[in-house]
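What follows is each chain in one-letter form.
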Amino acid sequence: MAPKETPKMKQRPIVRLGILIISHSVVVSVICCISGVVALLLLPILAKNTYISENALMPGSANPMLSDQDVGEANKLVNALLDLKSEPISSGRVSTLVAEFISDLGAEVGYHKFYPESNQFHPLHFFSLPDSGSLQENVNCSMYGINVIGIARAPQGDGKEAVVLVTPYNSENADLSDALSIGLTYSVFSLLTQVTWLAKDIIWLVADSRYGEYSSVSAWLRDYQRPVFGASLILDSDTCDGGSRPYDLNNFMTCGKLIDNFKRAGTMAAALVVKVTEKSEPFVDTLNLYAEASNGQMPNLDLINIVNYLAVHRQGLHVKVKKLIPLLNAKWLNVLADILETVGVIFRRLNPQWKFGIPAAEYIDGTATLASSLYYQALGIPTGPHGAFRDYQVDAVTLEFSPYSLRKGRHKEFLLQGSRLIEGVIRSVNNLLEKFHQSFFLYLLTSPGRFVSVGVYMIPFILLVAPLPVMAASLYMNIFDFGPNTETGQLAVSPRSVTWLDAAKMVLIVHFWGAIVSLLPYCICQMDFSTPTMNLAIWSMLSALCFLLLCLVLGLHFNQTEKAKWVVLKSATLSAVFIGLCLMSVVNFATAEIGALLLVPLCLMIHPLKINPNMGTLVNFSRMALNFILLSMAFPPVSFFLLQGAVYGFHGIDIGDFWMWVESLWAWNSATYLYITMIHLPCWVLCLHILLHAR
């Protein structure tokens, strides 16, 4: 009797699908990369209209209560502030005057003293909670600012929640814009001290911005959130003579000590930063919205929706968000917009229910706004003092009014219009029983009234990074022997594959070098060289020296055939890029998206320069040229200059600008700095090593 044959186990469908994808890795990579770029260009079309997710907000459900009398009192404050401008010493008088007006309303008044902080690089400040900061060098008693705080207690509340109004002003050089900003907020604050429906305390922070708007707000927030006990409330001022003190605080002096009567209210539900600028659009009053905070954080979309709805439908303001202006005149974008508009018309003719395509002008405007949103989120630097609130998980936006009515001297008309907008926003936030949570926190804006949600804008990123593990697996399987073991029937791997650890070792060493590069600016800042160009040159030389020392000490070599050397290294590099981009997408998606556009094509296309005799001359030289172009564009300084040139123009660009830009990233604790030094730069070096590899 013949022995029974052992039935062969069928591979699972998921395994067969994986093998099929890996065996056609080149085709899959091309399709995914093209699809990713196309999906990114289609985001303005896929954007949805904004809507109010939280029903309790009810924007515009009540008629505004702010009257001409409130505006008249605010106008008196504006005129008083302008009168102080002509006096020789007016910085202390501004604080006194604002405090007197707040006190006359029956609200609580407090002062907050802070010193200017230095934004120096420190390697342990990344991803940490805001700390006490470090004082600037050569600071003295006269170098401090005084914030004025007014608190209106809610008659219907229990003091556990508050809404914050912030008005930055330059106490040393206040102008009409600063006076109008204070007057605008004062008119709303005066109304809120009288109403009976208020359920949340109102905090009005008049921030002394002589050392920067963000610095003053951040210092107040840090002290507001940090518990202070006993004698720590008393700030020593023995080293300051009487003439250096702001005379308006003399009432708070006791035995040579300045009593910092810091006032607090409840947990912050939301914050509005109110500013007025004299720049305006012709024949229209404009409201500019700024929402980007550190590391791509955004406020809850409902807060932006409230402001946009009330500004447009109640006060008739033209709401704007930032755009990349050069894109508006880009020829390629205009051609693409016309093509997409034509395609949309064809689709609607085939089926009227297919809502694909938008007018060309709307697509161009949406693309410029989307690119700006992506760019400023990727920078990781706040676009205004509202960014300080997001560090404490408080939703905040900056409202910058650009009133055309000021040109005609109609101050009262502007104050009434702007104040009613702020009143409406506060009434909506006052209705909330909990924090903002219903709407999106992860989104990109294509206009003040349209957005792209996280579920949509992740699609281009996934399509871009998907070829990385596929190509890495394909290269690894092609260079080593895989097959079933005849005895066990299980998958067996050739012992030679163990040498893949050599490639992994090199990848780890290069990324370790990237961590060292990220710490070098701390040492360079201690040396205090004269120019940014010199700092950049020293940083580059120290980075190259560290790389050579690591190679000599740790030793980087391969024991395999010539082809396997660069192929297995490319496979490991692709895996490292995939892991790095995916991790970065969790911290700051915009940075990961831009990084994928630069790194993915380079890592997929990189190939040693040596001519392949099996390929034609034209193909060889085309591949070399493409590798050189992709490698040059992905080099961080070159990428920076190309991006800056596209946004601001190429005139006036200096090599030291890259150092200043990197310095701003670490000063603001931007995760983009860590991405550049610990992910992007090491992967670029690995690709350069592959390019220069001798086959």
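Parameters and conventions
Residues numbered from 1 in each chain as written. Predicted model: local features only at pLDDT ≥ 70, side-chain atom pairs only at ≥ 80, totals over all residues. Heavy atoms only, no water. Helix = DSSP H or I, 4+ residues; strand = E, 2+ residues; numbered from the N terminus. Buried < 20%, exposed > 50% of the residue type's maximum accessible area, 1.4 Å probe, protein only. Contact = heavy atoms within 4.5 Å. Areas by Shrake-Rupley, 256 points an atom, 1.4 Å probe, with all protein chains shown as cover. Core = buried A, V, L, I, M, F, W, Y, C linked by side-chain atoms within 4.5 Å. 1 Å grid on protein atoms, 1.4 Å probe; cavity = no way out; pocket = protein on both sides within 12 Å on 5 of 7 lines; lining within 4 Å. Points joined across faces, edges and corners; volume = space filled by probe spheres on them. Nonpolar A, V, L, I, M, F, W, Y, C, P; charged D, E, K, R; others polar. Salt bridge = Lys/Arg side-chain N within 4 Å of Asp/Glu carboxyl O. UniProt positions renumbered as here; feature names shortened; annotations may be inferred. pLDDT = per-residue confidence, 0-100. Phe/Tyr/Trp six-rings, centres within 6.5 Å; stacked < 30°, edge-to-face > 60°. Lys NZ or Arg CZ within 6 Å of the ring centre and 35° of its normal. Pairing = 2+ DSSP bridges. Axes fitted to C-alpha atoms, helices over the stretch in contact; angles between N-to-C directions. Parallel < 35°, antiparallel > 145°, perpendicular 65-115°, else oblique. Left-handed = near helix turned anticlockwise from the far one by under 90°. Patch = residues over 30% accessible without salt bridge, like charges linked within 9 Å, V, L, I, M, F, W, Y side chains within 5 Å. Disulfide = S-S within 2.5 Å. Expected span 1.5 Å × (residues − 1).

**Notes on the overall build of the protein**
At step 1: Secondary structure summary: the protein contains 23 helices and 16 strands in total.
At step 2: In the protein, which comprises 695 residues, the proportion classed as buried is 51%.
At step 3: For the protein, the share of sequence-separated contacts (at least 6 apart) that also reach a separation of at least 24 residues comes to 81%.
At step 4: On the protein, roughly 32900 Å² of surface is accessible, and the fraction owed to carbon and sulfur atoms is 61%.

**Brief notes about the nonpolar core**
At step 1: Ranked by size, the top nonpolar core spans 82 residues in total, and within it Trp539, Leu581 and Leu602 carry the most contacts.
At step 2: The greatest single-element share of this core, amounting to 14 residues, is contributed by helix 23 (residues 671-691).
At step 3: Sequence-distant contacts of leucine 581, that is, excluding residues within four places in its chain, are made with Phe461, Val465, Leu468, Ala592, Gly595, Ala596, Val600 and Tyr675.

**Overview of empty space enclosed by the protein**
Space left empty within the atom packing is revealed by a probe, the size of a water molecule, rolled over the atoms.
At step 1: Summed over the entire model, instances satisfying the criterion amount to 4 cavities of 30 Å³ or more.
At step 2: Each pocket or cavity is described by its volume, and for the largest cavity that value is around 90 Å³.
At step 3: Taken together, Leu289, Tyr290, Ala291, Glu292, Val321, Lys322, Thr369, Ser372, Ser373 and Leu445 form the lining of the largest cavity.
At step 4: Those elements that provide at least two residues to the lining of the largest cavity are strand 10 (286-290) and helix 11 (360-379).
At step 5: When residues in the lining of the largest cavity are grouped by element, the largest group, 3 residues, is from helix 11.
At step 6: Looking at side-chain class alone, the lining of the largest cavity contains 5 nonpolar, 3 polar and 2 charged residues.

**Some details on the pattern of salt bridges**
At step 1: Under the criterion given, the structure shown has 8 salt bridges.
At step 2: Of the charged contacts, one joins lysine 275 and glutamate 213 as a salt bridge, the two residues approaching to 3.2 Å between their closest N and O atoms. Taken together, the positions of lysine 275 in strand 9 (residues 267-276) and glutamate 213 in helix 7 (residues 213-225) put the pair 62 residues apart, joining distant regions of the chain.
At step 3: Residues joined by salt bridges that share partners form a network here, namely Glu108, Arg153 and Asp201.

**Observations regarding the UniProt feature "transmembrane region" (unreviewed entry) in the protein**
At step 1: In the numbering used here, UniProt assigns the "transmembrane region" (unreviewed entry) feature to residues 20-43, 454-477, 503-524, 536-558, 578-604, 625-651 and 671-692.
At step 2: Segment residues 454-477 splits into 96% helix and 0% strand. End C-alpha atoms: 35 Å apart.
At step 3: End C-alpha to end C-alpha, residues 625-651 measures 27 Å, and it is 85% helix and 0% strand.

**A few points about the confidence of the model for the protein**
Should the pLDDT be low somewhere, the predicted coordinates at that spot are not to be read in detail.
At step 1: Per-residue confidence for the protein gives a mean pLDDT of 82; residues scoring 70 or more make up 82%.
At step 2: In this model residues 482-486 is a low-confidence stretch, pLDDT under 50, and it forms 11 contacts with partners more than four residues away in sequence or in other chains.
At step 3: Below pLDDT 50 for its whole length, residues 488-493 participates in 11 contacts with residues either more than four positions away or in separate chains.

**Regarding the packing of aromatic side chains**
At step 1: For the structure on display, the rule yields 20 aromatic pairs.
At step 2: Summarising the aromatic geometry, the rings of tyrosine 51 and phenylalanine 451 are spaced 6.4 Å apart at their centres and angled 55° between planes, so their arrangement reads as tilted. Of this pair, tyrosine 51 sits in the loop between strand 1 (48-49) and helix 4 (68-84) while phenylalanine 451 sits in strand 14 (residues 450-453), placing them 400 residues apart in sequence.
At step 3: Centre to centre, the rings of phenylalanine 401 and phenylalanine 414 are 5.9 Å apart; their planes meet at 75°, and the pair counts as edge-to-face. With phenylalanine 401 in strand 12 (residues 396-402) and phenylalanine 414 in helix 13 (residues 411-430), this pair connects stretches of sequence that are 13 residues apart. Side by side, phenylalanine 401 and phenylalanine 414 carry an identical accessibility label, which is buried.
At step 4: Within the aromatic cluster, the residues linked to one another by ring pairs are Phe101, Tyr186, Phe189 and Trp204.
At step 5: A cation over a ring is seen here: arginine 427 above tryptophan 197, with NZ or CZ 4.2 Å from the ring centre.

**Details of unusual backbone geometry**
At step 1: Even without being a glycine, asparagine 295 presents a positive backbone phi close to 55°.
At step 2: Looking at the secondary structure, you find asparagine 295 in the loop between strand 10 and helix 8 (301-313).
At step 3: Exposure remark for asparagine 295: the relative accessible area of 16% places this residue in the buried category.
At step 4: Positive phi, close to 60°, is recorded for glutamine 393, a residue that is not glycine.

**With respect to the sheet that holds strand 13 (residues 443-447)**
At step 1: One open sheet accounts for 3 strands, arranged 1-14-13; its pairing is antiparallel. The strands lining the two open edges of the sheet, one partner per strand, are strand 1 and strand 13.
At step 2: Relative to strand 14, strand 1 runs antiparallel, the two sharing 2 bridges. Residue pairing across strands places lysine 48 opposite phenylalanine 451, the latter belonging to strand 14.
At step 3: The sheet strands contacting helix 14 (residues 454-465) are strand 13 and strand 14, and the helix crosses strand 14 at an angle near 60°.

**Focus on the packing of helix 4 against helix 6 (residues 176-192)**
At step 1: At a minimum axis separation of 8 Å, helix 4 and helix 6 run at an interaxial angle of 150°. When the axes of helix 4 and helix 6 are compared, the pair comes out roughly antiparallel. For the pair helix 4 and helix 6, the sense of crossing is right-handed. Residues Asp70, Glu73, Ala74, Leu77, Val78, Leu81 and Leu82 of helix 4 pack against Leu176, Ala179, Leu180, Ile182, Gly183, Tyr186, Ser187, Ser190 and Leu191 of helix 6.
At step 2: The class makeup of the residues in the contact of helix 4 with helix 6 is 11 nonpolar, 3 polar and 2 charged.

**Points about a nonpolar patch on the surface**
At step 1: A cluster of nonpolar side chains, Ile14, Val15, Leu17, Ile19, Leu20 and Ile21, forms an exposed patch at the surface whose accessible area comes to about 520 Å².
At step 2: With respect to the element layout, leucine 20 can be found in helix 1 (residues 13-23).

**Describing the pairing of strand 2 (residues 108-114)**
At step 1: When you tally the buried positions in strand 2, you get 6 out of 7 residues, the bulk of the element.
At step 2: In terms of strand pairing, strand 2 meets strand 3 (residues 145-152) through 7 bridges, oriented antiparallel. Residue pairing in the sheet places glycine 110 in a bridge with isoleucine 149 of strand 3.

**Considering the state of the cysteines**
At step 1: All told, the structure shown has 0 disulfides when counted by the stated rule.
At step 2: Take cysteine 683: it sits in no disulfide, and the sulfur closest to it among the cysteines is that of cysteine 603, at 5.9 Å.

**A short note on helix 17 (residues 532-554)**
At step 1: Compared with the 33 Å implied by 1.5 Å per residue over 23 residues, the 33 Å span of helix 17 between its first and last C-alpha is a close match.
At step 2: Here helix 17 has its buried residues at Asn535, Leu536, Ile538, Trp539, Ser543, Cys546 and Leu550.

**A few points about the sheet that holds strand 11 (residues 318-320)**
At step 1: Read across the sheet, 8 strands follow the order 2-3-5-4-9-12-10-11 without closing on themselves; strand pairing throughout is mixed. Each edge of the open sheet carries a strand with a single partner, namely strand 2 and strand 11. Each adjacent strand pair in this sheet contributes to an overall mean axis angle of 25°, direction not counted.
At step 2: Bridge count for strand 4 (residues 161-169) against strand 9 is 6 bridges, and the pairing is parallel.

**Comments concerning the environment of glycine 212**
At step 1: In this structure, glycine 212 sits in the loop between strand 5 (201-208) and helix 7.
At step 2: Between the C-alpha atom of glycine 212 and that of proline 385, which follows or precedes it by 173 residues, the distance is 9.0 Å.

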